[in-house]
Amino acid sequence: MPKITIAIDGYSSCGKSTLAKALAAKLGYSYVDSGAMYRAITLYCLEHGIIKDGVYQREEVVKILDQVHLSFVYNPHTKASDTYLNGQNVEKEIRQMAVSKNVSHISVIREVREMMAKIQRAMGKNRGVVMDGRDIGTNIFPDAELKIFMTADTDIRTQRRVDELTSKGNPVSTEEVKKNLLSRDYEDSHREENPLRKADDAIILDNSELNKEEQLNFVLKLVEDLKLVEGLKALK
Ligand code: DC
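Bear in mind that the values here come from a model prediction, so they are computed numbers and not experimental data.

Undergrad: When you look at the site of the ligand in this model, what are you seeing that I'm missing?
TA: Around the ligand, the structure places 15 residues, and the nearest of them are Arg-39, Arg-113, Asp-135, Arg-184 and Arg-191. A distance of 3.0 Å separates a nitrogen atom of the ligand from a polar side-chain atom of Ser-34. Between the ligand and Asp-188 there is a distance of 2.9 Å, counted from an oxygen atom to a side-chain nitrogen or oxygen. A total of 440 Å² of accessible area belongs to the ligand in isolation, and the protein chains cover 96% of it. Counting residues per element, the shell around the ligand draws most heavily on helix H2 (residues 34-47), at four residues. Looking at the shell around the ligand residue by residue, the classes come out as three nonpolar, five polar and seven charged.

Structure (structure tokens):
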């Protein structure tokens, strides 16, 4: 089967990137973490005083967009690309709570979304890509052959995020993480520009009770089914 596009959308901290990364490695596809791009812009705004105490001017953010250059360099240890902001690896910095708390403000801005969409579509233009985010199946690649919409129980998601941040040396409280998840879910689903919603043709994956291997197998089976359908079409 020719290479396809796989779009994975869903709520915060559902394990989208874990699944997308494993899937890309298994299929020999590239993996793109679209949330990392919004996080990198947010980091830039925080570092340059464009966002102060959660307050920012939309026009100020739009003005700095042409000063932001994003690039992605494959890291053989994580088997995924690290995000670079103006030539500097910011993979660790963009995962900090300060960025998580502000990223939903920045991702509502139309000009920011347009810039990100251009980069994301270019990265997926040759197919053979697994991209995760909030609007991949609905806006970036509406023609993706496979769309997954991920969800999971809020407490389980919270605990996974706490464990991840703690293991990376960023200890956080459970309460703070849960509050952040719920507010991001709300803002991401209710914004005007490309809100988070399930594409009509997306398949729901609730991974509350699934381990990493089980969720990967669930999606690999869908890829196999697609191959079968393509094969039957070719026989006609
Ligand atoms: O996937 P993540 O939690 O790292 O994403 C961070 C934020 O970026 C998320 O709260 C909303 C925004 N985002 C978006 O608006 N559209 C995307 N395609 C990906 C992320």
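Undergrad: I keep staring at the sheet that holds strand E9 (residues 146-151) and nothing clicks. Help me out?
TA: Strand pairing in a sheet takes place through backbone hydrogen bonds and is either antiparallel or parallel in direction. If you walk across this open sheet you meet the five strands as E2-E8-E1-E9-E10, and the pairing is parallel. Every other strand in the sheet has two partners, leaving strand E2 (30-33) and strand E10 (203-206) as the edge strands with one partner each. Taking each pair of neighbouring strands and ignoring which way they run, the sheet shows an average axis angle of 20°. Inspection of the sheet shows E2 paired to strand E8 (residues 129-133) by four bridges, in the parallel sense.

Undergrad: What am I meant to see in the pairing of strand E5 (residues 70-75) here?
TA: Two faces, one strand: in a regular strand the side chains alternate between the faces of the sheet. Pairing of E5 with strand E6 (residues 80-85) involves six bridges; the strand directions are antiparallel. Pairing of Val-73 across the sheet is with Asp-82, part of E6. The hairpin formed by E5 and E6 contains four residues between the paired strands, and Lys-79 there has a positive phi angle of roughly 55°.

Undergrad: Would you take a moment to explain the packing of helix H4 (residues 97-106) against helix H8 (residues 174-190) for this structure?
TA: A packed helix pair is summarised by two numbers, namely the angle formed by the two axes and the spacing between the axes. Running from N to C, H4 and H8 point in directions that differ by 20°, and their axes come no closer than 9 Å. One element, H4, and the other, H8, form an angle in the roughly parallel class. Crossing geometry of H4 relative to H8 is assigned as left-handed. Between H4 and H8, the contacting residues are Met-97, Ser-100, Lys-101, Val-103, Ser-104 and His-105 on the first element and Glu-176, Val-177, Asn-180, Arg-184, Glu-187 and Asp-188 on the second. Residues of the contact of H4 with H8, tallied by class, amount to three nonpolar, four polar and five charged.

Undergrad: Would you mind showing me how to read the nonpolar core here?
TA: It is characteristic of soluble globular proteins that their nonpolar side chains tend to be buried jointly. Counting residues in each nonpolar core, the largest one holds 33 residues, and the members touching the most others are Cys-45 and Val-112. Going through the elements one at a time, H2, helix H3 (58-64), H4, helix H5 (110-123), E8 and helix H6 (136-140) are the ones with two or more residues in this core. Counting residues per element, this core draws most heavily on H2, at eight residues. Discounting chain neighbours no more than four positions away, the residues touching Cys-45 are Ile-50, Ile-51, Val-61, Ile-64 and Ile-106.

Undergrad: Help me understand H2, please; the structure alone is not making it clear to me.
TA: Every α-helix carries 3.6 residues per turn, so stepping three or four residues along brings you back to the same face. Here H2 spans 21 Å end to end across 14 residues, near enough to the 20 Å set by a 1.5 Å rise per residue. In terms of residue burial, H2 counts as a mostly covered element, since 11 of its 14 residues are buried. N-cap assignment for H2: the residue whose side-chain oxygen lies 3.2 Å from the backbone N of Gly-35 is Asp-33. The positive-phi residue at the C-terminal boundary of H2 is Gly-49, with phi of around 70°.

Rules of the game
Here the residue numbering is sequential within each chain, running from 1 through the sequence in written order. It should be noted that, the model being predicted, local features are given only for residues of pLDDT at least 70 and side-chain atom pairs only at 80 or more, the latter also being counted only at that level, while totals for whole chains, interfaces and linings use all residues. Side-chain numbers here rest on the full set of heavy atoms in the structure, without hydrogens or water. Being near a molecule or strand, for a residue, comes down to having at least one heavy atom within 4 Å of it. N or O atoms within 3.5 Å of each other form a polar contact, as long as, within protein, one can give a hydrogen and the other can take it, and as long as residues adjacent in sequence are counted only when both atoms are side-chain atoms. Values of accessible area rely on a 1.4 Å probe in the Shrake-Rupley scheme; residue burial ignores everything except the protein chains shown. Under the scheme used here, helices are H or I runs from DSSP no shorter than 4 residues and strands are E runs no shorter than 2 residues, and both carry numbers assigned from the N terminus. Charged residues are taken to be Asp, Glu, Lys and Arg, nonpolar residues to be Ala, Val, Leu, Ile, Met, Phe, Trp, Tyr, Cys and Pro, and polar residues to be all remaining types, Gly included. By this definition, two strands are paired if DSSP reports at least two bridges between them. Lines are fitted to the C-alpha atoms to define the axes, a helix being fitted only along its stretch in contact, and any angle between axes, read from their N-to-C directions, falls within 0 to 180 degrees. In what follows, roughly perpendicular refers to angles from 65 to 115 degrees, roughly parallel to angles under 35, roughly antiparallel to angles over 145, and oblique to any angle outside these ranges. Each crossing is labelled by how the near helix is turned from the far one, with a counterclockwise turn of less than a right angle marking it left-handed and a clockwise turn marking it right-handed. When checking whether two residues touch, look at their non-hydrogen atoms; a contact exists if any pair is within 4.5 Å. In these notes, a set of buried Ala, Val, Leu, Ile, Met, Phe, Trp, Tyr and Cys residues joined through side-chain atoms within 4.5 Å is what counts as a nonpolar core. Each residue is placed in one exposure class: buried if its accessible area under a 1.4 Å probe, protein chains only, is under 20% of its type's maximum, exposed if it is over 50%, and partly exposed if it falls in between. What a helix is expected to span follows from its residue count: subtract one and scale by 1.5 Å.

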